[in-house]
Amino acid sequence: MKELITDKEASGKRLDAWLSSQLAPDLSRNRVQALIGEGQVSVDGKTIVETKHKLREGLSITIAIPEPDDAAPKGEAIPLDILYEDSDLIVINKPAGLVVHPGNGNWTGTLVNALIHHCGDTLSGIGGVKRPGIVHRLDKETSGVMVVAKNDLAHRHLSAQFADHGRTGELERAYLAIVWGTPDRKTGTIDAPLGRSHRDRTKQAVVHDERDDARHAVTRFEVQERFGAKEDATALASLIECELETGRTHQIRVHMAHIGHPLVGDLEYGSAYKTKANKLDEPLQSIVKGFNRQALHARLLAFEHPSSGDILRFEAPMPEDMAELLEAFRSTSF
């Protein structure tokens, strides 16, 4: 329970706006609005449920802040590869095959279930619920570094950094991918808007920028290695590093397929290359056929800590399955 007295600056202001300014950064404006709507705020002893209620100087305002509700997903004892943890956030190296958030067909066994179990009482409530704050996601079959918030303040601060995409801050994201073929230049930028595919609504596609659902998407890439390089500057496959200027669903996978170089193992966006493995020599052929996910790994994540302001930088080694695939390409004589 908090009790506040309005000052001169409160005169004429909305209840939700003034309360938000007084209670920041502990409570977001959305949270304050929710508490008002739930009847948790009174002005001079009278419950007010109207967020636009105008104030004047000298009013006594009481706000009751209930304990955060338990999260709807249940905690599950799923092993986590933790790179860093404190009272504000946790950084993990997500394995391929782990879904980030419960949803259709995946209500259990997700990263959120694992974090609820692991973090326990250190989750202080996001939007009034004891749950981890997911500020960015990796596809189920993409491995690598992720950061998750433990409280409202960290959630808002990290979300703002990811929304800014590193344009004005320290956010940095780098991915390693093994793709079919090789781009025609060592470095490049793919600037192509993404939206839902008309052919398959579960997939993304490069779309015309005038479409209503078109979302600005930019990926920078650099070729690290070429495998089976030929005199005409083509190659069988390449290891590339991608940096995101935006963070759209399936962005790297769609962008690389768009320029003709889908990720090895990506059956959603590179199915036309499925038979390419049949022309490979052993043991590379068997290793490629047995690699049943997109060859994509989030190797680097850097961001500003929401409380200390320190720049934190984390790297995750390439997982065993992708490292084996990479070594097979490196060691094959084409």
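Residues numbered from 1 in each chain as written. Predicted model: local features only at pLDDT ≥ 70, side-chain atom pairs only at ≥ 80, totals over all residues. Heavy atoms only, no water.

Break down the layout of surface pockets for me, with residues and values.
Of the pockets and cavities examined, the largest pocket occupies roughly 790 Å³. Lining the largest pocket are 29 residues; nearest its centre among them are R137, L138, D139, T249 and H250. At the level of secondary structure, the elements contributing two or more residues to the lining of the largest pocket comprise α4 (152-164), β11 (172-180) and α5 (251-258). Considering each element in turn, the lining of the largest pocket owes the most residues, three residues, to α5. By residue class, the composition of the lining of the largest pocket is eleven nonpolar, eleven polar and seven charged. (1 Å grid on protein atoms, 1.4 Å probe; cavity = no way out; pocket = protein on both sides within 12 Å on 5 of 7 lines; lining within 4 Å. Points joined across faces, edges and corners; volume = space filled by probe spheres on them. Helix = DSSP H or I, 4+ residues; strand = E, 2+ residues; numbered from the N terminus. Nonpolar A, V, L, I, M, F, W, Y, C, P; charged D, E, K, R; others polar.)

Can you lay out the pattern of salt bridges for me, pointing to particular residues and giving the numbers?
Going through the model one piece at a time under the given rule, you end up with 15 salt bridges. Of the charged contacts in the structure, one is a salt bridge between K150 and E85, with a shortest N-O distance of 2.8 Å. Highlighted residues: K150 in the loop between β10 (143-149) and α4 and E85 in strand β6 (residues 82-85), separated in sequence by 65 residues. Across the salt bridge formed by E241 and R299, the nearest N and O atoms sit 2.5 Å from each other. Of this pair, E241 sits in strand β16 (residues 237-244) while R299 sits in strand β17 (residues 296-304), and the two are 58 residues apart along the sequence. Each member of the pair E241 and R299 is classed as buried. Here the residues in one salt-bridge network are D139, R253, D266 and E268, joined through shared partners. (Salt bridge = Lys/Arg side-chain N within 4 Å of Asp/Glu carboxyl O. Buried < 20%, exposed > 50% of the residue type's maximum accessible area, 1.4 Å probe, protein only.)

Please set out the packing of helix α1 (residues 15-23) against helix α2 (residues 29-37) residue by residue, giving values where relevant.
Across the interface, α1 lies against α2 with an axial gap of 9 Å and an inter-helix angle of 125°. Regarding the angle of α1 to α2, the classification is oblique. Both α1 and α2 take part in a crossing whose hand is right-handed. Counting all contacts with α1, which are made through L15, D16, A17, L19, S20 and L23, the residues of α2 involved are R29, V32, Q33 and I36. Split by residue class, the contact of α1 with α2 holds six nonpolar, two polar and two charged. (Axes fitted to C-alpha atoms, helices over the stretch in contact; angles between N-to-C directions. Parallel < 35°, antiparallel > 145°, perpendicular 65-115°, else oblique. Left-handed = near helix turned anticlockwise from the far one by under 90°. Contact = heavy atoms within 4.5 Å.)

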